[in-house]
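Architecture and fold: a report
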Amino acid sequence: MRAAQYVSPGRVALVETPAPVCGPHQVLVRVEYVGVCGSDLTILYHTPAEAFPFPPGASGHECVGVVAHSALPGFAAGDRVLVLPPETNALAEYVAVEPQYLIPLPANLDSRVAVLAQQFGTVIYCLRRLDSLLDKDVVIVGQGAAGLFFTALCAHSGARQVITLDVVEARLAMSRRMGATQTINLGLTDPLSVVRELTGGLMADVVIEAVGKAETIHACPDLARVGGELALFGISREPVFPFNYANFFRKYLRTTTTADAQSEPGLRSFRLALALLAQNRIDVAPLITHCLPLEQSDRAFHLAEMKLDGVVKVLIAVQET
């Protein structure tokens, strides 16, 4: 089968590799679409060179497909499914996974939209850990796809203000479309002064970091009010970096970090994401700005990493047309 492989830092190649052997307690899925995630970019562009090459298919984990073979109850050939592969090896034509990592797709949900349910579900999983957002001032740092999901859900949860920060004007325009009440271009404006003015000097009740860069994580406590909440969602590209601990400490922030949403019993957050998308409660189709074939995976990752051509969310169409 064909698969994409990380062969060196920042470089992806199309390779031929044996199709997975489907074990007796697994389901074989023919992968249709894979989403490019910020965590994929961190792995591809910021892993030490000696760790390459990665196994073919890694680190694909946002995907939908069609069941190709199953001897297990609940899944039959032809069923459309959201795939949450624990091996993160789905950047390939086929993947074999245990049934607990599969969720049937609603019949009315387009597969290209359905693939977004993986990232949407991780955002829901994070928000479950926070207090109610009703009547609160929320700041969201970063308006990539995950940040835009946060924006939409916060806006629908009754937040008083949803203030979003990014350096790409096209993403800030999308942010307003998703429900932001105020957007701040970090390259043009001092966010502290704007947030201070918008909140009457108190700063934000809730700050959500959805970038994963040292400088944005470092800046978040300054944006929060004393005794507020801080949610760190972005996966840092730097495991160790300078941090103003004294400032963070004196803000008395209730801080949440979140990862591994696939461990949630019953995959509740991913199921809710699919339901919200199927009901068209939140229109996320505009977030899909690019869809490239598997043989152009290298270009797909480059677009996403460099934020070229108004990119928000890049999908990779795995099957040949």
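Small disclaimer: the values here were computed from a predicted structure and weren't measured.

Another point: the overall build of the protein chain. In terms of regular secondary structure, the protein chain is built from ten helices and 15 strands. Taken along the three principal axes of its C-alpha coordinates, the protein chain extends 60 × 40 × 35 Å. Among the 321 residues that make up the protein chain, the fraction classed as buried is 54%. For the protein chain, restricting intrachain contacts to residue pairs at least 6 apart in sequence, the fraction spanning at least 24 positions comes to 69%. With an accessible surface of roughly 13700 Å², the protein chain has 55% of that area assigned to carbon and sulfur atoms. Seen as two clouds, the 25 positive and the 31 negative side-chain charges of the protein chain have centres 5 Å apart.

Running from N to C, helix 1 (residues 38–46) and helix 10 (residues 297–306) point in directions that differ by 100°, and their axes come no closer than 10 Å. On the basis of the axis angle, helix 1 is roughly perpendicular to helix 10. On the side of helix 1, the interface is formed by D40, L41, L44, Y45 and H46, while helix 10 contributes F301, H302, A304 and E305. In terms of residue class, the contact of helix 1 with helix 10 is built from five nonpolar, two polar and two charged.

Before going further, it helps to spend a moment on the packing of helix 3 (residues 117–127) against helix 4 (residues 145–156). For the pair helix 3 and helix 4, the least separation of the axes is 9 Å and the interaxial angle reads 55°. Between helix 3 and helix 4, the crossing angle belongs to the class labelled oblique. Here helix 3 runs over helix 4; the crossing is right-handed. Judged by residue contacts, Q119, F120, V123, I124, C126 and L127 of helix 3 engage A145, A146, F149, F150 and L153 from helix 4. Of the residues contributing to the contact of helix 3 with helix 4, the split by class is ten nonpolar, one polar and no charged.

With that settled, the discussion passes to the confidence of the model for the protein chain. The pLDDT averaged across the protein chain works out to 96; a share of 100% of its residues lies at or above 70. The secondary-structure element of the protein chain with the lowest mean pLDDT is helix 8 (residues 245–251), recorded at 93, while strand 8 (residues 137–141) shows the highest, at 99.

Next up on the list: the nonpolar core. Judged by nonpolar contacts, the single largest core of 52 residues is most densely connected at L82, F120, F150 and I208. Elements with a minimum of two residues in this core: helix 2 (111–114), helix 3, strand 8, helix 4, strand 11 (204–209), helix 9 (268–278) and strand 15 (313–317). Look past the residues within four positions of I208 in its chain and what remains in contact with it is L127, V138, V139, I140, V141, F150, C154 and A231. Grouped together as the second largest cluster of nonpolar side chains are 34 residues, Y6, V67, V81 and L292 included.

As enumerated under the stated definition, the model contains 13 salt bridges in all. A salt bridge links R160 to D135; the shortest N-O distance between them is 3.1 Å. Taken together, the positions of R160 in the loop between helix 4 and strand 9 (161–166) and D135 in the loop between helix 3 and strand 8 put the pair 25 residues apart, joining distant regions of the chain. Judged by its relative accessible area of 41%, R160 is partly exposed. R160 is the partner of D205 in a salt bridge, and the nearest nitrogen-oxygen pair spans 3.8 Å. Remark: R160 occurs in the loop between helix 4 and strand 9 and D205 occurs in strand 11; sequence separation between them is 45 residues. Put simply, D135, D137, R160, D205 and R225 are held in one network by salt bridges that share partners.

So, on to the packing of aromatic side chains. According to the stated counting rule, one finds eight aromatic pairs in the structure shown. Each ring, one from Y6 and one from F54, has its centre 5.7 Å from the other, and the planes form 55°; the classification is tilted. With Y6 in strand 1 (residues 2–8) and F54 in the loop between helix 1 and strand 4 (62–69), this residue pair connects regions lying 48 residues apart in the sequence. Here Y6 falls in the buried class, since its relative accessible area comes to 0%. Put simply, the rings of Y6, F52, F54 and F301 pair up and form one aromatic cluster.

The rules behind the values
Residues numbered from 1 in each chain as written. Predicted model: local features only at pLDDT ≥ 70, side-chain atom pairs only at ≥ 80, totals over all residues. Heavy atoms only, no water. Helix = DSSP H or I, 4+ residues; strand = E, 2+ residues; numbered from the N terminus. Buried < 20%, exposed > 50% of the residue type's maximum accessible area, 1.4 Å probe, protein only. Contact = heavy atoms within 4.5 Å. Areas by Shrake-Rupley, 256 points an atom, 1.4 Å probe, with all protein chains shown as cover. Lys, Arg positive; Asp, Glu negative; His and termini not counted. Charge placed at Lys NZ, Arg CZ, Asp CG, Glu CD. Axes fitted to C-alpha atoms, helices over the stretch in contact; angles between N-to-C directions. Parallel < 35°, antiparallel > 145°, perpendicular 65-115°, else oblique. Nonpolar A, V, L, I, M, F, W, Y, C, P; charged D, E, K, R; others polar. Left-handed = near helix turned anticlockwise from the far one by under 90°. pLDDT = per-residue confidence, 0-100. Core = buried A, V, L, I, M, F, W, Y, C linked by side-chain atoms within 4.5 Å. Salt bridge = Lys/Arg side-chain N within 4 Å of Asp/Glu carboxyl O. Phe/Tyr/Trp six-rings, centres within 6.5 Å; stacked < 30°, edge-to-face > 60°.

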